[in-house]
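The chain contents come next:
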Amino acid sequence: MNRIIEWLGKTFIDFLSEAGRMLLLLIEVVKQTIKPPLKLERIFIQMEFIGVKSLFVVILVSLFTGMVLALQTYTGFRRFSAESMVGAIVALSLCRELGPVLTSIMVTARAGSAMAAEIGTMRVTEQIDALTVMAVNPVKYLIVPRILASVLVIPVLTIISDYTGIVGGYIVGVKLLNINEGVYINRTIDLLEMSDIFNGLFKSVVFALLLSLIGCYKGYYTKGGARGVGKATTEAVVLSCVVIFIADYILTSFLF
Amino acid sequence: MEDNIIKIRKLSKRFGTQEVLKELDLDIPKGQITVIIGRSGGGKSVLLKHIIGLLKPDSGEILIDGIDIAKEPEDKLNEVRKRFGMLFQEGALFDSMTIEENVAFPLLEHTNLSDKEIEERTKEVLAMVGLIGAEKKYPSEISGGMRKRAGLARAIIAKPDIILFDEPTSGLDPIMSAHIDNLIVDIQKRLNVTCIIISHDIQSTFRIAHKIAMLYDGKIIAEGTPDVMRTIDNPYLRQFIEGSSQGPIQVVDNE
Ligand SMILES: Nc1ncnc2c1ncn2[C@@H]1O[C@H](COP(=O)(O)OP(=O)(O)OP(=O)(O)O)[C@@H](O)[C@H]1O
Ligand SMILES: [Mg+2]
């Protein structure tokens, strides 16, 4: 019994100190962002890596999610003859929920992990020390561009994800399940509000901040060789995913 | 009396329970080459990292021209750091950049030189360390000795007034080692910079040093000019210089 309490206490303290350090890093990031000069080139490079190179996987995942969503809602809604609502439900779920979440999870898997691995490798091979020695602030040089790029580019990916998902739903609903096209589209337009889309985008900004901060944080505090880098990468992905889902619930309950 | 650009006073550092530096005192004379020798794992790299503010001491002072860098805020510290160049033991080159970009990095970050001037200067130092032809390669594509020389080029390109070398010649062939030794001596003379070198090469140490300091058990146990060091009758120092496995320094702990 004592052991369990001890373990719980230790885990809790570890969690708090980690959250504290992450907050300190965030404060440093804000400070370094405000402080001139801000080199745009580095941000563009990261935007390309995080955004452009995630585009394909986001489109693919969103398309199939939209398709399966239409299929599932159709099966359910047919039981009480509400097939005409399928399009609206697909669009609502995507814009409010699945677009931002799926996009962020995909970017975590692709770019969040890469951030942890790259920065972590630089840490264990003393490249971060080398930056410091050359009077280049590593937070400004490595972390600021990654976080800014994420926050700028993930909402754009989310819009693309929403759109592709809706197209996927349309293909299944109208072309495969033969729901009346006019009804399908009209219902969607009637029910989907601008605020649904904007709230989803707001979520995506928060997720972007979280996943890039966690990826950079885990990399920045990597210890001990190749194993350390592996550990940092795994932890970054797991923690980002968990935090995204928790933040999603909290945001949903406040926003909508 | 020559003046000392760096003064280290009662510097202590521990990692967990391991005491690496114990109230260490050391003066680094300005415009000279100081070589620090000592056993592998003895804390030489740790000492060097304190001098440039990468590690913070548990207690003690590190004065660079009178400024205690252990207590300076980051901004001030960076001003001091711009006076330094450092070669890391493992090179610490940026693996996402080519050799050329690595070497040019300090100039790109801290000067307003034109691209052309930077390119010329980069070529010049790369030639000095014998790396012409490898400019476009990445650190993972060159040998360990070449990485070391690229690190050296990066350390000297911005013409710093204090240069720290962590084992500049380990892993190089004897000819290249001699060349790098000459290069260091040459740069030192020409620019009148202060050099701190960590070395395991006793012969080269006696050849290039103005001052030698031996680190043992967290302290400097002997220091002086090469001539003085030859005569000091400290059994630890003698054993180290002669490179004998017999003596007070035990390779394997018997206790
Ligand atoms: N960041 C660190 N965390 C924990 N221990 C460390 C750290 N850095 C160095 N040490 C320990 O401090 C001691 C001295 O290390 P250091 O790298 O200074 O040795 P060294 O004299 O440079 O050896 P070598 O000649 O082999 O390079 C070692 O025992 C090492 O384990
Ligand atoms: Mg060392």
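Summarised in this report is the structure supplied together with it. Note that the structure is predicted; figures quoted are calculated from it, not measured.

Turning our attention to the interface of chain A and chain B. The partner chain B presents 20 residues to the 17 residues of chain A that form the contact. In total, about 1,600 Å² of surface goes out of reach between chain A and chain B, with carbon and sulfur atoms giving 60% of it. Remark: the boundary between chain A and chain B carries five residue pairs in polar contact (both at pLDDT 80 or more). Among the elements of the structure, α4 (86-124) and α5 (127-133) of chain A are those that each provide at least two residues to the side of chain A that touches chain B. In terms of residue count, the dominant contributor to the side of chain A that touches chain B is α5 of chain A (six residues). Class assignment of the residues belonging to the side of chain A that touches chain B gives a composition of eight nonpolar, four polar and five charged.

Once that is clear, we can look at the pattern of salt bridges. Inspection of every chain in the model, using the stated rule, returns 31 salt bridges over all chains. Between glutamate 79 of chain B and lysine 82 of chain B there is a salt bridge, and its shortest N-O distance comes to 3.3 Å. By relative accessible area, lysine 82 of chain B is classed as partly exposed at 41%. What you see here is one network of salt bridges that share partners, running through Glu18, Lys218, Lys231 and Glu235 of chain A.

A complete count under the given rule lists seven aromatic pairs over all chains for this structure. Between phenylalanine 77 of chain A and phenylalanine 80 of chain A, the ring centres sit 5.5 Å apart and the planes meet at 40 degrees, which makes this aromatic pair tilted. Arranged with centres 5.2 Å apart and planes meeting at 50 degrees, the rings of tyrosine 217 of chain A and tyrosine 221 of chain A form a pair that is tilted. You can call tyrosine 217 of chain A buried: its relative accessible area is 2%. A relative accessible area of 36% places tyrosine 221 of chain A in the partly exposed class. Three or more aromatic residues link up through ring pairs in this structure, and these residues are Tyr141 of chain A together with Phe94 and Phe105 of chain B. Lying across the ring of tyrosine 221 of chain A, arginine 21 of chain A places its NZ or CZ 4.9 Å from the centre.

All names here are of chain B. Protein-derived ligands of the magnesium ion (ligand 2) are Ser45 (OG) and Gln89 (OE1), with the metal-ligand distances lying across 2.0 to 2.2 Å. Residue serine 45 is found in helix α1 (residues 44-51), and its partner glutamine 89 is found in the loop between β6 (84-87) and α3 (99-110); the two are separated by 44 residues along the sequence. When its relative accessible area of 28% is taken as the criterion, glutamine 89 is described as partly exposed.

With that out of the way, let us pick up the site of ligand 1. All names here are of chain B. Surveying the vicinity of ligand 1 reveals 14 residues, the closest of which are Gln18, Ser40, Gly41, Lys44 and Ser45. Here an oxygen atom of ligand 1 and a side-chain polar atom of serine 40 are 2.6 Å apart. Taken by itself ligand 1 offers 630 Å² of open surface, and the protein chains cover 63% of this. Listing elements by their share of the shell around ligand 1, those giving two or more residues are β2 (18-29) and α1. Here the element with the most residues in the shell around ligand 1 is α1; it accounts for three residues. Of the residues contributing to the shell around ligand 1, the split by class is three nonpolar, eight polar and three charged.

Turning to the packing of helix α8 (residues 194-220) of chain A against helix α9 (residues 225-255) of chain A, a few remarks are in order. All names here are of chain A. Look at α8 against α9: their axes get within 9 Å of each other, and the N-to-C directions meet at 155 degrees. By the angle between their axes, α8 is roughly antiparallel relative to α9. Once α8 is placed against α9, the crossing between them reads as right-handed. On α9, the residues that touch Asn199, Phe202, Lys203, Val206, Phe207, Leu210, Leu211, Ile214, Gly215 and Lys218 of α8 are Ala232, Glu235, Ala236, Leu239, Ser240, Val243, Ile244, Ala247, Asp248, Leu251, Thr252 and Leu255. Taken together, the residues of the contact of α8 with α9 break down into 14 nonpolar, four polar and four charged.

Criteria and thresholds
- Within each chain, residues carry numbers counting from 1 in the order of the written sequence.
- As a convention, the first chain written is A and the first ligand written is 1, with the rest following in written order.
- Local features in this predicted model are restricted to residues whose pLDDT is 70 or higher, and side-chain atom pairs enter the listing and the counts only when it is 80 or higher, whereas totals over whole chains, interfaces and linings include all residues.
- Only hydrogens and water are set aside when side-chain values are computed; all heavy atoms of the structure are taken into account.
- Here, residues are in contact when the closest pair of their heavy atoms is within 4.5 Å.
- Using a 1.4 Å probe, buried area is obtained as the accessible area two parts lose upon being combined, added over both of them.
- In protein, a polar contact requires one atom able to donate a hydrogen and another able to accept it; more generally it is a pair of N or O atoms within 3.5 Å, and residues adjacent in sequence count only if both atoms are side-chain atoms.
- Runs of E in the DSSP output that reach at least two residues are strands. Runs of H or I that reach at least four are helices, and both are numbered from the N terminus.
- When residue character is reported, Ala, Val, Leu, Ile, Met, Phe, Trp, Tyr, Cys and Pro are called nonpolar, Asp, Glu, Lys and Arg charged, and the others, Gly included, polar.
- Only one rule defines a salt bridge in this text: a Lys or Arg side-chain nitrogen within 4 Å of an Asp or Glu carboxyl oxygen.
- Residue burial is assigned from relative accessible area. The probe radius is 1.4 Å, only protein chains are included, and a residue is buried under 20% of its type maximum, exposed over 50%, and partly exposed in between.
- Classification of ring pairs rests on two measures: the distance between centres of Phe, Tyr or Trp rings, Trp counted by its six-membered ring, which must be within 6.5 Å, and the angle between planes, read as stacked under 30 degrees, edge-to-face over 60 and tilted in between.
- Charge over a ring is defined by NZ of Lys or CZ of Arg lying within 6 Å of the ring centre and within 35 degrees of the ring normal.
- Here the term donor refers to an N, O or S atom within 2.8 Å of the metal (or 3.2 Å for Na, K and Ca), and because water is left out of the atoms, sites may appear incomplete.
- Near residues are defined by distance, with any heavy atom within 4 Å of the molecule or strand qualifying the residue.
- Areas reported here follow the Shrake-Rupley algorithm with a probe of radius 1.4 Å; residue values treat only the protein chains shown as occluding.
- To get an axis, a line is fitted to the C-alpha atoms, and for a helix only the part in contact is used. The angle between two axes follows their N-to-C directions and goes from 0 to 180 degrees.
- Note on angle classes: values under 35 degrees are labelled roughly parallel, values over 145 roughly antiparallel, values of 65 to 115 roughly perpendicular, and the remainder oblique.
- The handedness criterion is simple: a crossing whose near helix is rotated anticlockwise from the far helix by less than a right angle is left-handed, and one whose near helix is rotated clockwise is right-handed.

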